[in-house]
Amino acid sequence: MKINLSDIPENGRDYHWNRKTKELDAVISDLIDNNPYQVEFHVRPMNSRDFELTGNLKAASKEQCSRCGIEFKFDIVEKFHSILIPEQPQDRNGKYARVNHISESIEVGPTVAEYPSNFMFDIGEYIHEVIALAVPFNPAPIEDAKGNCIECKIPVHEKQFSYEDQLPKEDKPNPFAVLKNIKLQ
């Protein structure tokens, strides 16, 4: 889903998208399946070529629990704030600075997103990435007041969630055992 940034009025424009309005259904269905979603955002021009994008989203993703392996709905509630700038050309030996890992980035202030020179910003792809980055590496359901998982009711802090593949024990004699009986002269 693309929006034409050149059509945004001076005071900005609000967007409210959800499962009923269907704007993002095809773009984010791989992440959230048929779960409901709600995306609200505001785009306003900062000058003739830069735009401010602020908003929030609520969705649910079907994930597999990193503790016990059952499928559950992972609730996603995210706020986003970006400055949209025209696409910057990268020459052959161009370089840019970035953090080593997302966990090292500072979550203060807006991010920057680029749009092509024709002022068409792919908001669907942007929202797709916001949802994808909101799902943790090891998703797990939240715990209730007693410290039990709300999905499987297992006490989370008392149980060790691990798996070890046990190899079958074979009682084969060591082929090098015969060497200890050899007498050298």
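See the structure shown above.
This write-up is about the structure you can find in this document. (Residues numbered from 1 in each chain as written. Predicted model: local features only at pLDDT ≥ 70, side-chain atom pairs only at ≥ 80, totals over all residues. Heavy atoms only, no water.)

**Topic: the overall build of the protein chain**
- Looking only at helices and strands, the protein chain has two helices and seven strands in total.
- Listing each helix as α and each strand as β along the protein chain from the N terminus yields β-β-α-β-β-β-β-β-α.
- Accessible surface computed for the protein chain: about 14,000 Å², of which carbon and sulfur atoms make up 50%. (Helix = DSSP H or I, 4+ residues; strand = E, 2+ residues; numbered from the N terminus. Areas by Shrake-Rupley, 256 points an atom, 1.4 Å probe, with all protein chains shown as cover.)

**A short note on the pattern of salt bridges**
- Applying the stated criterion to the full structure yields four salt bridges.
- Close ionic contact of Lys 62 with Asp 33 constitutes a salt bridge, the shortest N to O distance being 3.3 Å. Residue Lys 62 is located in strand β4 (residues 51–64), and its partner Asp 33 is located in the loop between α1 (25–32) and β3 (37–45); the two are separated by 29 residues in the primary sequence.
- With a relative accessible area of 44%, Lys 62 lands in the partly exposed category.
- Looking at Asp 33, the relative accessible area reads 35%, which means it is partly exposed.
- Among the charged side chains, a salt-bridge network with shared partners connects Asp 33, Lys 62 and Glu 71. (Salt bridge = Lys/Arg side-chain N within 4 Å of Asp/Glu carboxyl O. Buried < 20%, exposed > 50% of the residue type's maximum accessible area, 1.4 Å probe, protein only.)

**Some remarks on the environment of Ile 32**
- Within the fold, Ile 32 resides in helix α1.
- For Ile 32 and Ala 132, which are 100 residues apart along the polypeptide, the C-alpha to C-alpha distance reads 9.5 Å.
- Not counting residues within four places of it along the chain, the set of residues in contact with Ile 32 comprises Arg 19, Tyr 37, Ala 59, Ala 60, Ser 61 and Ile 131. (Contact = heavy atoms within 4.5 Å.)

**Some remarks on unusual backbone geometry**
- Phi angles above zero are rare outside glycine, and Lys 22 is one such case at about 65°.
- Here Lys 22 shows up in the loop between β2 (13–18) and α1.

**Considering the packing of aromatic side chains**
- Overall, the coordinates contain nine aromatic pairs when judged by the stated rule.
- Relative to Phe 41, the ring of Tyr 15 lies with its centre 4.7 Å away and its plane at 15°, an arrangement referred to as stacked. Residue Tyr 15 is located in strand β2, and its partner Phe 41 is located in strand β3; the two are separated by 26 residues in the primary sequence. Of the two residues, Tyr 15 and Phe 41, neither departs from the other in class, the shared state being buried.
- What links up through ring pairs into an aromatic cluster is the set Tyr 15, Trp 17 and Phe 41. (Phe/Tyr/Trp six-rings, centres within 6.5 Å; stacked < 30°, edge-to-face > 60°.)

**Things to note about the environment of Met 120**
- Structurally, Met 120 is set in strand β7 (residues 120–122).
- Met 120 sits in the partly exposed class, given a relative accessible area of 26%.
- Setting aside anything within four residues of it in sequence, one finds Met 120 in contact with Lys 2, Ile 3, Asn 4 and Tyr 115.

**Section: the packing of α1 against helix α2 (residues 123–134)**
- Contact pair α1 / α2: the axes reach a minimum separation of 9 Å and the direction vectors enclose 15°. By the criterion of interaxial angle, the relationship of α1 to α2 is roughly parallel. Note that α1 runs across α2; the crossing there is right-handed. Across the interface between the two elements, Val 27, Ile 28, Asp 30, Leu 31 and Ile 32 from α1 touch Gly 124, Glu 125, Ile 127, His 128, Ile 131 and Ala 132 from α2.
- Among the residues making up the contact of α1 with α2, the classes are represented as seven nonpolar, two polar and two charged. (Axes fitted to C-alpha atoms, helices over the stretch in contact; angles between N-to-C directions. Parallel < 35°, antiparallel > 145°, perpendicular 65-115°, else oblique. Left-handed = near helix turned anticlockwise from the far one by under 90°. Nonpolar A, V, L, I, M, F, W, Y, C, P; charged D, E, K, R; others polar.)

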